[in-house]
Amino acid sequence: MAVFRTEISQVVRSTSPLLISLLANEGLTLDDAMALMKPGQLWPHEPQLRNRPRKPAIHAHMPKYYPVGLRPMQICKHPLHSHRFDRPGGDYLDINIVDHSLELSARIKPVFLQTRFGVLRVELDEVIPDTVLTGSIGRTIDEVVDHEAWRGRGWRIFATEDGHGPLQGQALVVAMGSEPYRVTWPEPDQK
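The structure presented is a predicted model; accordingly, all values stated were derived computationally and were not measured. Every chain's residues receive numbers from 1 upward, in the order its sequence appears when written. For a predicted model such as this one, the threshold for reporting local features is a pLDDT of at least 70, and the threshold for listing and counting side-chain atom pairs is 80 or more; totals across whole chains, interfaces and linings nevertheless cover every residue. Hydrogens and water molecules were not included; the side-chain quantities draw on all heavy atoms of the structure.

**Remarks on empty space enclosed by the protein**
Item 1. Of the two site types, the cavity is a set of points on a 1 Å grid over the protein atoms alone where a 1.4 Å probe fits but cannot get out, and the pocket is an open set with protein on both sides within 12 Å along at least five of seven lines, each lined by residues with an atom within 4 Å of a point. Grid points are joined across faces, edges and corners, and a volume is the space filled by probe spheres set on the points. Using the criterion set out here, one finds 1 cavity of 30 Å³ or more in the structure.
Item 2. Estimated volume of the largest cavity: approximately 30 Å³.
Item 3. Along its surface, the largest cavity is lined by Leu-22, Glu-26, Arg-87, Leu-93 and Ile-108.
Item 4. When its residues are assigned to classes, the lining of the largest cavity shows 3 nonpolar, no polar and 2 charged. Three classes are used: nonpolar for Ala, Val, Leu, Ile, Met, Phe, Trp, Tyr, Cys and Pro, charged for Asp, Glu, Lys and Arg, and polar for all others, with Gly counted as polar.

See the structure below:
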C-alpha cells in the first residue's frame, strides 16, 4: 500500500471541481475519499508511472475530440484505479484516476456525468427537442439542468451531442476547468 500511495502522490496533479463539490455534498474531502482508494486489479503490472516519457494518446483528451457516434466510456482510457460510492436509489459516484487527474463518473438521476481534463459531459435520460438542445449552447449548465453541485458556477455549455441508442437522451458538453490537487496521505501512527 505504501508503494501504491507513493505512486499516486507523484502522479495526481489535478482534479475535477465537480468532484470536489459532489464529495462535499456527501460530507467528504478529496483526501478522505483518496484514503479509500485501493490499487486496481492490473496494478502493479500496469503502473501509472513509467520510466520513459510517453506521448499523450488521443483517447486521453477532452470529450469534444471524441469521434462522432462513439460513447466516451468506450474510447476513453480506462482508469487504472477507482473507488465507488453508492448512493440512495441506485445512484453512484466513481472516483477515477485517469492519467494525472482525479475524474468522476456518476449516475445522479436523471443524468449521467463524466469529467475528463476540465470538461464535463452531462448525458440526459430523455430526448429533448433539437431547438432546445441547440439553444443551450452558450448558456450555463445550471440554466439547463439544475443541481446544487454546479449551481452558480458559471460553467458554460460549449457543445451538444446526439444520444446513443434508441432510448438514450442527448448530452451537454460543459467547460468547467480543473483544480490543482496533490494527494496528502495521513501520517502513519508513531507508536
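**Observations regarding the pairing of strand β6 (residues 119-124)**
Item 1. Between buried and exposed lies partly exposed: a residue is buried under 20% and exposed over 50% of the maximum accessible area for its type, with that area taken using a 1.4 Å probe on protein chains only. In this text, helices come from DSSP runs of H or I with a minimum length of four residues, and strands from runs of E with a minimum of two, each type numbered from the N-terminal end. Among the 6 residues in β6, 6 count as buried, and that is most of the element.
Item 2. A two-sided burial pattern is seen for β6, the buried positions comprising Val-119, Arg-121 and Glu-123 on one face and Leu-120, Val-122 and Leu-124 on the other.
Item 3. DSSP bridges decide pairing: two strands pair if at least two such bridges lie between them. In sequence, strand β5 (residues 111-116) turns back onto β6 through a hairpin of 2 residues, with Phe-117 there showing a positive phi of about 50°.
Item 4. The sheet contact formed by β6 and strand β8 (residues 171-175) spans 5 bridges and is antiparallel. Following the sheet pairing, Arg-121 is matched in β8 by Val-173.

**Describing the confidence of the model for the protein chain**
Item 1. Confidence in the prediction of the protein chain, expressed as mean pLDDT, is 79, and 75% of residues score 70 or more.
Item 2. A residue's pLDDT is the predictor's confidence in that residue, given on a scale from 0 to 100. Looking over the protein chain, one finds the lowest element-wise mean pLDDT in helix α4 (residues 72-75), namely 38, and the highest in strand β9 (residues 179-180), namely 96.
Item 3. Considering only residues more than four positions removed or in separate chains, one finds that residues 51-76, a stretch of pLDDT under 50, has 36 contacts. Note on definitions: a residue-residue contact is assigned when non-hydrogen atoms from the two residues lie within 4.5 Å.

**Side note on helix α2 (residues 17-25)**
Item 1. Those residues of α2 lying buried are Pro-17, Leu-18, Leu-19, Ser-21, Leu-22 and Leu-23.
Item 2. Polar contact is defined as a pair of N or O atoms within 3.5 Å, subject to the rule that within protein one atom must be able to donate a hydrogen and the other to accept it, and that residues adjacent in sequence are counted only when both atoms are side-chain atoms. A side-chain oxygen of the first residue of α2 lies 3.1 Å from the backbone nitrogen of Leu-18; this N-cap is Ser-16.
Item 3. Immediately downstream of α2, the backbone of Gly-27 shows phi near 80°, a positive value.

**What to know about the packing of aromatic side chains**
Item 1. Pairing of aromatic rings covers Phe, Tyr and Trp, the last counted by its six-membered ring, and requires centre-to-centre distances within 6.5 Å; plane angles under 30 degrees mean stacked, over 60 mean edge-to-face, and any other angle means tilted. Inspection of every chain in the model, using the stated rule, returns 0 aromatic pairs.
Item 2. Of note, Arg-84 hangs over the ring of Tyr-92, and the distance from its end group to the ring centre comes to 3.9 Å. Whether a charge sits over a ring depends on NZ of Lys or CZ of Arg being within 6 Å of the ring centre and within 35 degrees of the ring normal.

**Remarks on helix α1 (residues 2-11)**
Item 1. Inspection of α1 places Phe-4, Glu-7, Ile-8 and Val-11 among the buried residues, and these make up the whole buried set. In a view along the axis of α1, the buried residues occupy a sector of 95°, so they form one face of it.
Item 2. Along its buried surface, α1 packs onto α3 (30-34), β2 (81-86) and β3 (92-98). Arc definition: it is the arc formed by the directions from the helix axis to the C-beta atoms.

**Let's talk about the nonpolar core**
Item 1. Counting residues in hydrophobic clusters, the biggest one holds 38 residues, and the most contacted among them are Leu-18, Met-34, Leu-102, Leu-113, Val-122, Ile-141 and Trp-150.
Item 2. Elements represented by at least two residues in this core include exactly α1, α2, α3, β3, β4 (101-108), β5, β6 and β8.
Item 3. Discounting chain neighbours no more than four positions away, the residues touching Ile-141 are Val-122, Trp-150, Trp-155, Ile-157, Leu-172 and Val-174. In plain words, nonpolar cores are sets of buried Ala, Val, Leu, Ile, Met, Phe, Trp, Tyr and Cys residues tied together by side-chain atoms within 4.5 Å.

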